[in-house]
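# Examination of the molecular architecture
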Amino acid sequence: MNWINLVIKSLWNRKTTALLTLFMVSVSVCLLLSVDRIRSDTRDSFANTLSGTDLLVGARTGSLNLLLYSVFRMGNATNNISWSSYEKFNDNKDVKWTIPISLGDSHQGYRVIGTNDNYLKHYQYGRDRSLSISEGVWFNTVFEVVLGSEVAKKLNYGVGDEIIIAHGTGATSFEKHDDRPFTVVGILQATGTPIDKSLHIPLEGITALHVDWRSGVKRQGVTTSIADTLELDLTPETITAFLVGMNSRLKVFSLQRAVNEYRSEPLMAVIPGAALQELWQLIAIAENALIAVSIMVIITSLLGMLTVIISSLNERRREIAIFRALGAKRHTLLGLLMVESGLYGLLGLISGYLFHIVLMLGANLVIQPRFGIELTVSWPNETMLLVLIGFFVVSILLGLIPGYRAYRQSLSDGLSATV
């Protein structure tokens, strides 16, 4: 009978303790894998939100703040930029396209974005994937709106429905533009990005909503009808930010410098990738702390496994003595306990990985629609594979400690009446 069969039969006699120990090891492996996968998927989800854009331009602020409010719909702009400044850089000979963005309104907690046709034509996410319409068409007139997929699904909207836009970006608003309803004309294909949580209207629609407003406050006793509004010049005076695509990326830095040194008003241009790197540096401490906690859990589970094996030696003194009486060498006992601890490690890795898969698939059902982060299941990266291999090797080597104890047990002690 080989060593593995002997170990399995021994563990079966202590199956309750063995299963609990295995469960402890599995949970620790699952936690380590899950933390690493969530960290990686979070980075990928942020990186996939915007691609193909060379510069982000907005009012002077922090580069990270500009990225967060203009792309991820997190936070608010410190100031707007004038339409004349936008037109100046839009007409630059090195600029291939621009996408103006106007923020500040919402609908039931979802952000409303004022933009133009370039948004559908040039905005890209993931690996240079373009936006597409799943139902209806892109807006053509002032009071039309195109919904992100999650907005349409969560609020149960379809093409032809009318919606009321609220002033401000809070989940609850006390000021609504209820005299100017918008008609849903299209629904965007799901992207897994903040676009799914946005409503898109023409820039002229943003202006039309605020015809009777001044400095963010509705003027009392002033009401302009929709018909009269449509007769006005609805070109916006200001926008929040704009995205830039260049004819040649060699010109990116020169345009960035021109924007940052623009004298007519304080502007800032940032490269999206550089701003994302700043974000990673900001959260690196939290990421490393989570990984450190996971590794401590792994170490704790290994120590717990070692404690269980050592504690079981007192119950197995007669078993060990019988092995010795049947001619088992002392190194055989050492090997058997190393195989046992290694078996805990191997089965813990396998079951922990299976638990990890189930956890990721289940958590994705909640996290993806709520936070826009898609959790995936894949093989661990090279670094994590080395960690797992190290875990398995250490689990085998830990068997040396109880093995040495068993090795020191004498035959007479094992067969004594006090056992």
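The rules behind these values
- Residues numbered from 1 in each chain as written.
- Predicted model: local features only at pLDDT ≥ 70, side-chain atom pairs only at ≥ 80, totals over all residues.
- Heavy atoms only, no water.
- Helix = DSSP H or I, 4+ residues; strand = E, 2+ residues; numbered from the N terminus.
- Buried < 20%, exposed > 50% of the residue type's maximum accessible area, 1.4 Å probe, protein only.
- Contact = heavy atoms within 4.5 Å.
- Areas by Shrake-Rupley, 256 points an atom, 1.4 Å probe, with all protein chains shown as cover.
- Salt bridge = Lys/Arg side-chain N within 4 Å of Asp/Glu carboxyl O.

### What about the overall build of the chain?
- Across its full length, the chain holds 15 helices and 17 strands.
- The 419 residues of the chain split such that 48% are buried.
- Sequence-distant contacts, at least 24 apart, represent 78% of the contacts inside the chain between residues at least 6 apart.
- Counting every atom, the chain has about 21200 Å² of accessible surface; 59% of that belongs to carbon and sulfur.

### Overview of the pattern of salt bridges
- Counted according to the given criterion, the structure contains five salt bridges.
- Here Asp36 and Arg39 are joined by a salt bridge, their closest N and O atoms 2.9 Å apart. Within this pair, Asp36 and its partner Arg39 are both found in helix 2 (residues 15-48), separated by three residues, close to a single helical turn.
- Close ionic contact of Arg249 with Asp54 constitutes a salt bridge, the shortest N to O distance being 3.0 Å. Placement of the pair is Arg249 in the loop between strand 16 (241-246) and helix 9 (252-260) and Asp54 in the loop between helix 2 and strand 1 (55-59), with a sequence separation of 195 residues.
- By relative accessible area, which is 59% here, Arg249 ends up exposed.
- What makes Asp54 buried here is its relative accessible area of 8%.

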